[in-house]
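# Summary of structural features
Chain by chain, the residues:
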Amino acid sequence: IEVNQRREMCRLAISGKNDLYLAGEAPLASGCNIIDSINNLQDWHGKAEYYYIIGADKLAGLLHWSKARKLFKICRFIVYPRTGYDAAKIIQFAASQGLQADLLQMPEVTVTSAAIREKLLDISHISGMLNRQVERYININGLYQTDFVKLVKTSLSQQRFEHTLAVRKLAIDLAYHHHIWMQGASIASLLHDFTKEMKLNKMKAILRNYKVSLNAQELNSNALLHGKVASVLAKNVYGIHSADILNAIAYHTTGRAGMSPLELCVFVADKAEPGRKSYPGLQKIRDMMFEDLASAALLSMKGTRDWIQGSGNRISADSYAAIESMEPVIIDNKSI
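Residues numbered from 1 in each chain as written. Predicted model: local features only at pLDDT ≥ 70, side-chain atom pairs only at ≥ 80, totals over all residues. Heavy atoms only, no water.

Once that is clear, we can look at the sheet that holds strand β3 (residues 101–103). Sheet strands pair by backbone hydrogen bonding; their relative direction is either parallel or antiparallel. Here we have three strands laid out as an open sheet, ordered β1-β2-β3, and parallel in their pairing. Every interior strand has two partners, whereas the edge strands, β1 (51–55) and β3, have only one. Taken over all neighbouring pairs, the strand axes of this sheet differ in orientation by 25° on average, direction set aside. With five bridges joining them, β1 and strand β2 (residues 76–80) adopt parallel strand pairing. Note that in β2 the partner of isoleucine 54 across the bridge is valine 79. (Pairing = 2+ DSSP bridges. Helix = DSSP H or I, 4+ residues; strand = E, 2+ residues; numbered from the N terminus. Axes fitted to C-alpha atoms, helices over the stretch in contact; angles between N-to-C directions.)

Spelled out as structure tokens, the structure:
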């Protein structure tokens, strides 16, 4: 992670807190240790008193560092309690090596940055563990997780790749606004179209290989097939086991009955991303999507249905089921 990214996450974390501000950026060399960093800060900002905020667990580990005493001489410490660590005793022992520290009187902190990074890499929910603005930034930039951007870039034309990135950005914004799982929205959006430009015969071969059966209408339509194939590959090749993400990928074109908030989020983002060419109802979908995702999704589905039927064709069974299940509920709620 780059220094400027860490800095931006700090800025987002303290935004709105009037008693905290981010100091002017000092010219810190990448890879320098904490002692060099503090010396650089002192050269840049002056000889003010500097405080190192650290958990009791990290302080216990820091005591084994050969340069710990040198660090203790150039700054004070603020120590917050950690489950399983006697912070007072650790501080008392460290004081014999020159530590000057203040112990925060607060409940023990159970969330760790390592646990958050592990969950992100494992594609697990981190709800409540992190400032949501920081969580949004992490997912927009794909930090601490598999680089799916690199994966899809090699599979798509430049135009389709740009569409994918635009869908990812809008899906994360919608997820942030509607309190939906942002990492799920990010990954599903990145993978929703990565088989879009694959030949139909190859997609059919993939489904046969994984023993997936679909109806004749789906098997003969790239538009209906690519989401299902992408979902199969996401699970069996790229190790994504979240049913919510896999469904969001599989049904991003058609929708389905009983769509989850994450599925609605990706579905609408795909239909309304800023680069989409104008079509009837698009602006209304965009106006509605931050107010009511389900209503925006239904509006899109009905527009597609009318266009397909007007062309003398029939909509997919999944789309039909989605409209039939959503329309009575939304009309009853007077949302659309």
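The subject of this paragraph is the layout of surface pockets. Put simply, the second largest pocket is a space of about 1100 Å³. Forming the boundary of the second largest pocket are 39 residues, of which Lys271, Arg276, Tyr279, Thr304 and Trp307 lie nearest the centre. Of all the elements in the fold, those that place two or more residues in the lining of the second largest pocket are α9 (158–178), α13 (222–236), α15 (261–272), α16 (282–288) and α17 (293–310). Broken down by element, the lining of the second largest pocket gets its largest block of residues, six residues, from α17. Of the residues contributing to the lining of the second largest pocket, the split by class is 10 nonpolar, 17 polar and 12 charged. (1 Å grid on protein atoms, 1.4 Å probe; cavity = no way out; pocket = protein on both sides within 12 Å on 5 of 7 lines; lining within 4 Å. Points joined across faces, edges and corners; volume = space filled by probe spheres on them. Nonpolar A, V, L, I, M, F, W, Y, C, P; charged D, E, K, R; others polar.)

So, about the packing of aromatic side chains. According to the stated counting rule, one finds three aromatic pairs in the structure shown. Plain terms: the ring middles of phenylalanine 72 and phenylalanine 77 are 5.4 Å apart, the flat faces sit at 85° to each other, and that makes the pair edge-to-face. Accessibility expressed as a relative area gives 0% for phenylalanine 72, which makes it buried. Plain terms: the ring middles of phenylalanine 194 and tyrosine 238 are 5.9 Å apart, the flat faces sit at 70° to each other, and that makes the pair edge-to-face. Separated by 44 residues along the polypeptide, phenylalanine 194 in the loop between α10 (182–191) and α11 (200–209) and tyrosine 238 in the loop between α13 and α14 (243–250) bring together distant segments of the chain. The partly exposed category is assigned to tyrosine 238, whose relative accessible area is 32%. Chaining the aromatic ring pairs together yields one cluster made of Tyr52, Phe72 and Phe77. Of note, arginine 136 hangs over the ring of tyrosine 176, and the distance from its end group to the ring centre comes to 6.0 Å. (Phe/Tyr/Trp six-rings, centres within 6.5 Å; stacked < 30°, edge-to-face > 60°. Buried < 20%, exposed > 50% of the residue type's maximum accessible area, 1.4 Å probe, protein only. Lys NZ or Arg CZ within 6 Å of the ring centre and 35° of its normal.)

Any functional reading would require information beyond the geometric quantities listed.
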